[in-house]
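# Remarks on the overall topology
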Amino acid sequence: GQQVMQIPQYQHVQEGEDFTTYCNSSTTLSNIQWYKQRPGGHPVFLIQLVKSGEVKKQKRLTFQFGEAKKNSSLHITATQTTDVGTYFCAGRVGGGYQKVTFGTGTKLQVIP
Amino acid sequence: GAVVSQHPSWVICKSGTSVKIECRSLDFQATTMFWYRQFPKQSLMLMATSNEGSKATYEQGVEKDKFLINHASLTLSTLTVTSAHPEDSSFYICSAPKLSGGAYNEQFFGPGTRLTVL
């Protein structure tokens, strides 16, 4: 079945440093979504990427979708303590209400 | 964004009892909802897709007789964990996709239900 891996599993950074998490799918995706889950909370949608090679920015966050639509990345510039949490990518095969497969997640810890 | 609620937020039950978890989309209709479980420090594992007016679709390895899903209306899906055992203790989260332009949509998650089986 479809597998979505993320690296690294954990990342500790000093506040102000940059952070990147990488997402790789075993199959070609129709789109990919990114979610953030704070400790004790539920996943919150961040963004969706659809087009091959697409790059989207949200303030300090930059999201990329690979040309082959099998990988993606999330880059955070100048991390802040509010960025703490686990970041999941979620890949969808097909459109509409097709299910997504969540990646393994990257837990980010920001040291003040 | 859209709002999805879950009830209860946490439950403790004795082994062998059944527990029902409700998932509601409060401000939109959801013909499809998804049920996930999440073990500590792990990712979300899809258990089943709940379809309004028809049978749920279960993922491989998920016992449909143990995890009963009912999607009785366009805003409510329920997950019943039957004859719960300690290994069923987990964080159960539902989500509902909402169309937001085109064929693609984002999922809105409920706050989750923490189940502890003694």
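Below or above, wherever it landed, is the structure these notes cover. All of these numbers come straight from a predicted model, not from anything done at the bench.

### With respect to the overall build of chain A
When its secondary structure is counted, chain A shows zero helices and 11 strands. Secondary structure of chain A in N-to-C order comes out as β-β-β-β-β-β-β-β-β-β-β. A compact globule built from 112 residues should have a C-alpha radius of gyration of about 13 Å, and chain A, at 13 Å, falls within 12% of that. Seen through its principal axes, chain A has C-alpha atoms that stretch 40 × 25 × 20 Å. Counting over 112 residues, chain A shows a buried share of 46%. In chain A, the proportion of contacts linking residues at least 24 apart, taken out of those at least 6 apart, comes to 55%. Working note: accessible area of chain A is about 5300 Å², and carbon and sulfur atoms make up 52% of it. Between the centroid of the 12 positive side chains of chain A and the centroid of its 6 negative side chains there is a distance of 11 Å.

### Quick notes on the pattern of salt bridges
Under the definition given, this model contains five salt bridges over all chains. Close ionic contact of A:R60 with A:D83 constitutes a salt bridge, the shortest N to O distance being 2.9 Å. Residue A:R60 is located in the loop between β6 (55–58) and β7 (61–65), and its partner A:D83 is located in the loop between β8 (71–76) and β9 (85–92); the two are separated by 23 residues in the primary sequence. Residue classification places A:R60 among the partly exposed residues on the basis of a relative accessible area of 22%. The exposure class assigned to A:D83 is buried, which follows from its relative accessible area of 5%. Put simply, B:R24 and B:E22 hold a salt bridge, and the shortest N to O gap is 3.5 Å.

### Here we look at the packing of aromatic side chains
Summed over the entire model, instances satisfying the criterion amount to 11 aromatic pairs over all chains. Look at B:Y36 and B:F109: their rings are 5.7 Å apart centre to centre, the planes differ by 40°, and that puts the pair in the tilted class. A residue pair is termed long-range when its members are at least 10 positions apart, and B:Y36 in strand β4 (residues 32–38) and B:F109 in strand β10 (residues 105–109) qualify at 73 residues. Like B:Y36, the residue B:F109 is buried in the burial classification. Residues B:F67 and B:Y92 carry aromatic rings whose centres are separated by 6.4 Å and whose planes lie at 40° to one another, so their mutual orientation is tilted. Here B:F67 is found in strand β7 (residues 67–73), whereas its partner B:Y92 is found in strand β9 (residues 90–99), with 25 residues between them in sequence. As far as burial versus exposure is concerned, B:F67 and B:Y92 are alike and both buried. Among the aromatic residues, those joined into a cluster by ring pairs are A:Y35, A:F45, A:F88, A:F102, B:Y36 and B:F109.

### Looking at the environment of A:A78
All names here are of chain A. Position of A78 relative to the elements: it lies in the loop between β8 and β9. With a relative accessible area of 30%, A78 lands in the partly exposed category. C-alpha separation for the pair A78 and G16, spaced 62 residues apart in sequence, amounts to 4.0 Å. Setting aside chain neighbours within four positions, we find A78 in contact with G16, E17, D18 and R60.

### Thoughts on the sheet that holds β8(A)
Residues and elements named next belong to chain A. Strand order in the open sheet made by the five strands is β1-β3-β8-β7-β6, with antiparallel pairing throughout. Because the sheet does not close on itself, it has two edges, and the strands there are β1 (4–7) and β6. Neighbour to neighbour, the strand axes of the sheet diverge by 15° on average, direction disregarded. Relative to β8, β7 runs antiparallel, the two sharing five bridges. Paired with F63 across the two strands is L74, which belongs to β8.

Rules behind the numbers
Residues numbered from 1 in each chain as written. Chains lettered and ligands numbered in written order. Predicted model: local features only at pLDDT ≥ 70, side-chain atom pairs only at ≥ 80, totals over all residues. Heavy atoms only, no water. Helix = DSSP H or I, 4+ residues; strand = E, 2+ residues; numbered from the N terminus. Rg over C-alpha atoms; globule rule 2.2 N^0.38 Å. Buried < 20%, exposed > 50% of the residue type's maximum accessible area, 1.4 Å probe, protein only. Contact = heavy atoms within 4.5 Å. Areas by Shrake-Rupley, 256 points an atom, 1.4 Å probe, with all protein chains shown as cover. Lys, Arg positive; Asp, Glu negative; His and termini not counted. Charge placed at Lys NZ, Arg CZ, Asp CG, Glu CD. Salt bridge = Lys/Arg side-chain N within 4 Å of Asp/Glu carboxyl O. Phe/Tyr/Trp six-rings, centres within 6.5 Å; stacked < 30°, edge-to-face > 60°. Pairing = 2+ DSSP bridges. Axes fitted to C-alpha atoms, helices over the stretch in contact; angles between N-to-C directions.

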